[in-house]
Structure formats: structure tokens, C-alpha cells
Amino acid sequence: MRHLMSPMDFTVQELEDLFDVANDIERNMDKYSHKCDGKILATCFYEPSTRTRLSFETAMLRLGGKTLGFADASNSSASKGESVADTIRVISCFADICAMRHPKEGAPMVAASKSLIPVINAGDGGHQHPTQTLTDLLTIRSLHGSLNNFTIGLCGDLKFGRTVHSLINALTRYEGINFIFISPQELRVPDYITEMLNSKNIPYREVIKLEDVIADLDFLYMTRVQKERFFNEEDYIRLKDFYILDKKKLDMAKSTMQVLHPLPRVNEISVEVDDDPRAAYFKQVQYGLYVRMALILTLLNMTDAHINDGLLRKF
Amino acid sequence: MRHLMSPMDFTVQELEDLFDVANDIERNMDKYSHKCDGKILATCFYEPSTRTRLSFETAMLRLGGKTLGFADASNSSASKGESVADTIRVISCFADICAMRHPKEGAPMVAASKSLIPVINAGDGGHQHPTQTLTDLLTIRSLHGSLNNFTIGLCGDLKFGRTVHSLINALTRYEGINFIFISPQELRVPDYITEMLNSKNIPYREVIKLEDVIADLDFLYMTRVQKERFFNEEDYIRLKDFYILDKKKLDMAKSTMQVLHPLPRVNEISVEVDDDPRAAYFKQVQYGLYVRMALILTLLNMTDAHINDGLLRKF
Amino acid sequence: MRHLMSPMDFTVQELEDLFDVANDIERNMDKYSHKCDGKILATCFYEPSTRTRLSFETAMLRLGGKTLGFADASNSSASKGESVADTIRVISCFADICAMRHPKEGAPMVAASKSLIPVINAGDGGHQHPTQTLTDLLTIRSLHGSLNNFTIGLCGDLKFGRTVHSLINALTRYEGINFIFISPQELRVPDYITEMLNSKNIPYREVIKLEDVIADLDFLYMTRVQKERFFNEEDYIRLKDFYILDKKKLDMAKSTMQVLHPLPRVNEISVEVDDDPRAAYFKQVQYGLYVRMALILTLLNMTDAHINDGLLRKF
């Protein structure tokens, strides 16, 4: 039995297989609408995350299955002091697969070690959120045709942004990727990331202003810059507009550049950008659904091997 | 694509069609039990309302579909600052139709303007609650045979009661309706309503005591009178019993009068009234289910045209 | 129409029939996967209890049905002052069967008296939790072969433990059962229980230390001992280890003894015990699912009579 704790749990080839299934779902949704008839997904969310929870639930429902669970620890046995290990043993009696979100790093890993059903880490504190990374990878692969040879700018809070670190990490397994990190000094990407890139001879640049590099990008991955992360108010006021994507900045970008965002967005992308064909962040939500459908099928061993093979020959 | 924001979004003829479908569902529930197989309803409730939420969910489940969503803003991305416009774009990737309740007036309208799926306003602050009005209209039409020619008494808090204003408004499109407003001075129906009725030459009376008019009514629409709405304690004590329907008052009413209430009821209808055949407020809940089923089918363009035609010929 | 308020609502024979259905579900799950197609279970939980709620929901989903409801009173109409009697009348319009948990004793009974659909008491305050008792009985019957002739030790807080009192009560209807009550003086089983046992000439012993009797037991039913239930800190420190089941104590037990626990467990059973074949508390969760499936079928009159007959001949 297999779980998903980190995006790196899958080899590059396994990810290709997963994404092939996801793209087949995209093209032939109806074919998959009864694959999980009679199956149950448990969503065990020890902290609320509506978008992620609903994405998992939709994935199971669109596969013909059913869902149950909790959206919030206050309604769970956790409030009576039950351990995650015990909860998953109980959930194993109810469901066929479980998506777990937990404020504590490593909690889904503990659950997986005791579980009788596959467990998907749906976010554990500041640690991992692997299905967001799978979503990002599938979106890039689908829009770009492959996961090799492009320039990606990651913009905003690169210090605390879990999804950004995880995406950089995952992309280091592909060829010809050029990173540009766009952030204020205070919110630079951590040293362990730049050291890792140096050690692998992967090219990257660090800049302060989005305008200086936007013309070079194939993908722009936006994240939120929170006021409280700055050392002082003056810095925030001086810098904040550098990290807001508006029509004016977008005019400087390639016509083929794609804008990504893990959502929720607050004001770091102006709503005037939404109608631009390069705004891909709502497409990304759609890919997030497809990849979760593919993941559920994969972990339940319900993918159709010959479809994978057929698709693999193409790539 | 069509949304439901206000009961007046539908013409009188469209409402007749909708109610015909609802009455066909009432008679032939089984015929509809797979109409929405594979469809998903999202219930996005930014403030809790169990009855309304469960009525929508039941409607979709009884049509063969599935549901997901949130019952409370605290569990939603709204708590992270996401706009309603962004949330509905995300929900559009997950569901086929959305019922939205929001404490802010106009929020469902904003959502509808960005949505890729039909949006039903399930209540926006003190503004609109159109499916309650559709429920009231269907109940009256079903029990009375048509929406014309009857005397309706509206009793209780007529000043703040959203459902009462909406129902009066909706009824002004029909013929031969006689309104009697029964309320304390402090909680009279607002002037804009009486002015509107005057301008349309629609007859109405305003009285203080239910006993004075109950014998004249074909329908009695009860609402709650909250103590905190009175100017002073003495007025409340002096007046409150005028607005409690008990067996004694009901004895003065016609044998064919029907008692409606949007629920929840607190003490404005004595429980001794529940077993009287004229107590129609739980039937109203049932009609609320049928009308929501019909509405989902209508907004998804899944009504069976010839059934409508057939029924229409009858009326 | 029939409800379940207390485990004693069913005769011994009716329980045998119910457990026969449960065991048939255990052996032939697939046969039951569409029995409740088109049926809806409402879970009305006025206080949270995730395990119980999910067990009921799983039961209905595994029977092919659907679920709706609320997990918490704060999201329900109760917060607007609606009575349980009114809520169940409304729920009767939506669902085919209802599982209700309520902090107030007797609330499910009030609901049942007004309901148009079967109501299952899913726990009412400190009063009854009948499906836990049915779970315990089915587990014992399944593991022991019958509900007669065994020695059961009940260990921990025997004063306040609702499940313990209910189980003792239910077991007095069977033959050859020997009770051993293992608790600190402060948390002894209440007098009304020992008086009841005396009046029925049912043998029991009361001891302080688990070690003194564990070798005699066929079943050990563990419960939590909460620090705040002790008169003083010294007593708690002196006594608490007597009521923690670990490998060392388990080594003194029969190889066939079975350990039960209503869960959630905090630290009264060491996790080192979990892998022992005698640890039956997660099996118990599984039996809890089967018995709830059987109960739903029974209350909806959907059990297959000849299967019951067939099975009954065996016992």
C-alpha cells in the first residue's frame, strides 16, 4: 500500500504516469465517472482549508465515489485527546482512502504508519502540501507541453511560502529550468534552497523588482506578501507595489507567459488581470482537481495500465 | 446561463412553469430520482442556516446528484481574505450549480457575475431570500389551486421581516389578492410597501389585533415578534399575546384557512395548533423541497419540456 | 414505525436477528451495497462526536444511501431557539431515517414522538448511547460465539461511564455471565447497579487492582480514568497505574482474552498492546459499523426475512 506524504515520493516516471492519467481525465471525464463507485474518501481536516477539502471531495465525487469526514478539529475526537494514530485506525474501518490536513508537521506521516488505507498528506503545518505541488507541476506540463526548458519567476514571499519551496524542489528533477526569485530582501528564498541549487548547478537569479525580469519569464508564480512579514512599515510601503501584478506590468511580459498562483489571492494580482489569456490561476484549480482524481485512482491501484502505456509512448 | 437572485427574476409564466414541475415532482417523485445523476451542488453558506442548507442538499440528493460545500464562513477561504468573486470561480471548477448564503446584501449577485455555473441566492442579509418566497408561492398555489383571489393576513413583525416583504412584492403580480397587515404600531409594514400597493390599487388593511380579522382570512402568514424590537417592556407585555396563534384564536377562523410560517417558530404558534388540519407550516417545508428540486432542474436546463407543456394546458 | 432509544427496546430475540444481519453484512458486504439506494440518513448532532457520526454515515453510504445533517448545534436552527420537536418535523421532510445526538437526556425521545421517520438515539447526555451497547454486544457475540457463559472485567471509571452501565444492563438478559468490577473506591459502580445484580442473583466481584483478576477474564472492557474524578492528587498518583493496561499486565491474561474499549482511548491502554492479537478495540469499531448497517436496515424494514431465518437456524 502506498501513501503520498511529499511530492518527491513519486519518481519522475511515476509523476509522468500520474499526469498522463490526469490529462486523460481532462479529455475524457465521462470515462472516469464510475471508476470509484462504492468507494469512500475520508477528509480529515484538523485545520480548515475549504479549497483543498472541496477539491479532494469533488475529485472523489466526480469518480463516482462518496465522501465523509470533518472540516475542523473542534468537531473531531482529537478534542477528546485521541491520537492521530488511533483516529486513522478508526477511519480505516470506514473509508477506502484518506486525505489528512494537520497543523503539526509529520502528523500525516504518523497516520500513514498506522493506517490500513492510503493516506494523502493534504498539508501539514509549514512542512508539505504535496497535492499543491502536483497541481503546479501538472499545470506547467499541460500548458508548456513538458516539465523541461523554461524560465520561471517566483514572486512575493519566498521565505515563508511552503508551496514555493516545494515547487522549486520538485522542479530540480527536470532539465533546462531557469529560476528567477523576485522578493524583498526580508523575504528572500532561504539559503538551504540556493545552496541546493548551487550544488546541482541549476541557474537562478535573485531580484527585487518584478518589472526588471517579467519580460524573460515563461511562467510567473505569484504569492502573497503579508504586511506583518516586513521589518518596518516604511519598507512595506516602499516595496509592496513591486509585488502586485497589474495590467501595466503584464504588458511587459511575453504573450505566451502564464501566471500561476496557489490561491487564495488577496490583492497581489489585480482583478483586471483575470480576463487576460495569460491568467492561468483558475485553470490551475481545474488541474488541481484532475491531479487529485488521478492520485486517488493511482493510490487505489485503479488506473488503467494500457491507457498509461499508450499515453507514455506519446511523450 | 441563468441565476436566481430575486423571486422577480422569473416572469409570472416562468413561475407557473416552475411550479408545474414542482407539482409534478410532488406526484411522481420516483420519475425524478436520477435526473441529476453525476451532478454536484455546492452549498456555500457564509452564515449558518441549517434548514435552508439541508433543503437544498435534500433537493439535489433526491434528484440523484451529490453535494459539497461549507456550512459556515469560519471554515471557508473567506477567513483568509478571499473575495466572493474568486471563491465562485473556484467553486465553478468543482460543482455544476451553487446555492450561496451570505450576510452581505448583494454578495450572491457579485458571485453570479463571475460564475461559470448557475448561482442561487439562498439569502443575502436582510435583502432577499428568493427560495423562501418561491416556497410560499408554491404552497399557496398548491393549497388554493391558483395564486389569484384570496385574502392573506400577514401577522407579527412586518417591519424587519424579509420574507414578508418579498412575499407581498411577489403577490402583487397576481389578481384579486387582499392583504391584511396585523402588527403592533412599532412593527408596521414599511411605507414603501404601502405606497407601492397604493400606486397599484391593491387593497390592504392594517390592524393591531389578529382576533379582529382572523375570520376573514384564507391564509394566515405568521412571523415571530421579538421582544427586543419593541420600544419598551410595557408595550411588549401589553401586545405580545395578540401575535400568538393558539387554539382559541384559530376557532374563530374559517375551516379552510391555512396557516403558514417560514420557520423556525419559537412561541408565536402554540404547539396545540400543530395537529389542526389548517396548520400548513410543515407542508410548506415539503413544498420548499419540491420547489428547490424544480429550480435546480430549471437552472440546469433539465426540465422535461413536454411535461411542462402538458401541465400548462391544464391550468 | 420503530425507533431506537435504548438497547432494551429490542427483545433478546430481536437482538439476535439484528446481530445475524450484522454478521451476514460482515461476510457478504457486497450483497448489501445497494440495499438503501435512494435513501437518505440525517445525522443531527447537537454536540460533536466524530466517531459516532462517521460510523453512522459510513453505514448509510456502504448501504448505497446518502447522508446530510449537522455536526454541531452552533450551525443548526437550535441556535435560533427551535425545539427538537420542530426540527425533527422538518428533518422528516428531508430524510428517511435520523440519527440524533443531543446533550440533553430525553431529547431524542421527544424527537421520536413527533417524527415521521425512524429516529436512532446516538447518545443523549449521560443517559443512553444504545448503538455503543449494540456494538459491544455484537463484538462479544462475534468473538465468543454467543452472549452466554463468560467472565467480563469492567475496568476504570465505573461510576460515571455511561457505556459501562448500559452494557452491564444489557448483559443481565443473558445466562452464565460473571462480572468483575475493577475500579478505585471513588469510581465504584453505582449502588443501583449492584442492587439490580443482587436482585437477579447475578454474580459479581469488586476489586481495586486489575492484576488481581486479569487471569480470570474472557473479556476485559477498559475505560478511561480521568484525573479530575479523584478526590485528591495523591490518590490519583497512587492508583492510576492499576488502570493502565500494558504488556506486563497482559502477560498475566488468558491467551483467549479479548480487550475491548469504547474509544477514544487516551493512555489507559499502552500502544504496545495494539499489536497483541487480544487487542479487539479496533475490531470493535468495525462491528460498530456492521451493527449500524443492520440497524438502519431493520428500522427501515429492509432486512431480508429469509436470510434472518436461515441464519437463525444456525444459532
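Residues numbered from 1 in each chain as written. Chains lettered and ligands numbered in written order. Predicted model: local features only at pLDDT ≥ 70, side-chain atom pairs only at ≥ 80, totals over all residues. Heavy atoms only, no water.

An unreviewed UniProt entry lists chain A under the name Aspartate carbamoyltransferase, with Butyrivibrio fibrisolvens as the source organism. Here chain A is described in UniProt, under the heading Function (unreviewed entry), as follows: "Catalyzes the condensation of carbamoyl phosphate and aspartate to form carbamoyl aspartate and inorganic phosphate, the committed step in the de novo pyrimidine nucleotide biosynthesis pathway." Within the UniProt record for chain A, the comment given under Sequence similarities (unreviewed entry) is "Belongs to the aspartate/ornithine carbamoyltransferase superfamily. ATCase family." (UniProt positions renumbered as here; feature names shortened; annotations may be inferred.)

Trainee: What should I look at first to understand the overall build of chain A in this one?
Mentor: When its secondary structure is counted, chain A shows eleven helices and nine strands. For chain A, whose C-alpha radius of gyration is 20 Å, the value lies close to the compact-globule estimate of 20 Å for 315 residues. Counting only C-alpha atoms and orienting by the principal axes, one finds that chain A spans roughly 55 × 50 × 40 Å. Looking at the 315 residues of chain A, the share that counts as buried comes to 62%. Sequence separation of at least 24 residues holds for 73% of the intrachain contacts in chain A that already meet a minimum separation of 6. With an accessible surface of roughly 11800 Å², chain A has 49% of that area assigned to carbon and sulfur atoms. In chain A, which carries 37 positive and 42 negative side-chain charges, the distance between the mean positions of the two groups comes to 3 Å. (Helix = DSSP H or I, 4+ residues; strand = E, 2+ residues; numbered from the N terminus. Rg over C-alpha atoms; globule rule 2.2 N^0.38 Å. Buried < 20%, exposed > 50% of the residue type's maximum accessible area, 1.4 Å probe, protein only. Contact = heavy atoms within 4.5 Å. Areas by Shrake-Rupley, 256 points an atom, 1.4 Å probe, with all protein chains shown as cover. Lys, Arg positive; Asp, Glu negative; His and termini not counted. Charge placed at Lys NZ, Arg CZ, Asp CG, Glu CD.)

Trainee: Just to check I follow, could you spell out the relation of the copies chain B and chain C for this structure?
Mentor: In this structure, two copies of a chain are linked by a rotation about an axis accompanied by a shift along it. Least-squares fitting of chain B to chain C yields an RMSD of 0.0 Å, with the superposition described by an axial translation of 0.0 Å and a rotation of 120°. What we have between these two chains is a three-fold relation. Among all residues of chain B, the minimum C-alpha distance to the rotation axis is found for B:K66, at 5.0 Å. (Least-squares fit on C-alpha atoms with pLDDT ≥ 70 in both.)

Trainee: Whenever I open this one, the interface of chain B and chain A confuses me. Can you help?
Mentor: As a measure of interface size, the accessible area lost when the parts come together is often cited. Between chain B and chain A, the residue contacts involve 22 residues of the former and 25 residues of the latter. For the chain B and chain A pair, buried surface summed over both sides reaches about 2100 Å², with 51% attributable to carbon and sulfur atoms. Connecting chain B to chain A are three salt bridges. We note a salt bridge from B:D86 to A:R265, for which the minimum N-O separation is 2.6 Å. Between the two partners, chain B and chain A, sit eight residue pairs in polar contact (both at pLDDT 80 or more). For the side of chain B that touches chain A, the secondary-structure elements that each account for two or more residues are β2 (66–70) and α3 (84–94) of chain B. (Buried area = accessible area lost by both parts, 1.4 Å probe. Salt bridge = Lys/Arg side-chain N within 4 Å of Asp/Glu carboxyl O. Polar contact = N/O pair within 3.5 Å; in protein donor to acceptor, adjacent residues only side chain to side chain.)

Trainee: Help me understand the UniProt feature "domain: Aspartate/ornithine carbamoyltransferase Asp/Orn-binding" (unreviewed entry) in chain A in this model?
Mentor: Under the UniProt annotation, the feature "domain: Aspartate/ornithine carbamoyltransferase Asp/Orn-binding" (unreviewed entry) is placed at residues 149–298 of chain A. Summarising residues 149–298 of chain A: 32% helix, 15% strand, and an end-to-end C-alpha distance of 27 Å.

Trainee: Which parts of the structure should I look at to understand the pairing of strand β7 (residues 204–207) of chain C?
Mentor: Consecutive side chains of a regular strand alternate in pointing toward one face of the sheet and then the other. All names here are of chain C. By the bridge criterion, four bridges tie strand β6 (residues 177–182) to β7 in an arrangement that is parallel. Paired with I180 across the two strands is R205, which belongs to β7. For the handedness criterion, the β-α-β arrangement of β6, helix α7 (residues 191–199) and β7 is classed as right-handed. (Pairing = 2+ DSSP bridges. Right-handed = clockwise from strand over helix to strand, strands pointing away.)

Trainee: What exactly am I supposed to notice about the interface of chain B and chain C here?
Mentor: Facing the 25 residues of chain B at the interface are 22 residues of chain C. Summed over both sides, the interface between chain B and chain C buries roughly 2100 Å², with carbon and sulfur atoms accounting for 52% of that surface. Considering only the surface of chain B that becomes buried against chain C, B:L61, B:R62 and B:F282 emerge as the three largest contributors, covering 27% of it. One salt bridge in this structure joins C:E82 and B:R51, with 2.5 Å as the shortest N-O distance. Our count for the chain B to chain C interface comes out at eight residue pairs in polar contact (both at pLDDT 80 or more). Taken together, the elements giving at least two residues each to the side of chain B that touches chain C come down to α2 (50–62) and α10 (281–299) of chain B. The residue makeup of the side of chain B that touches chain C, split by class, is ten nonpolar, seven polar and eight charged. (Nonpolar A, V, L, I, M, F, W, Y, C, P; charged D, E, K, R; others polar.)

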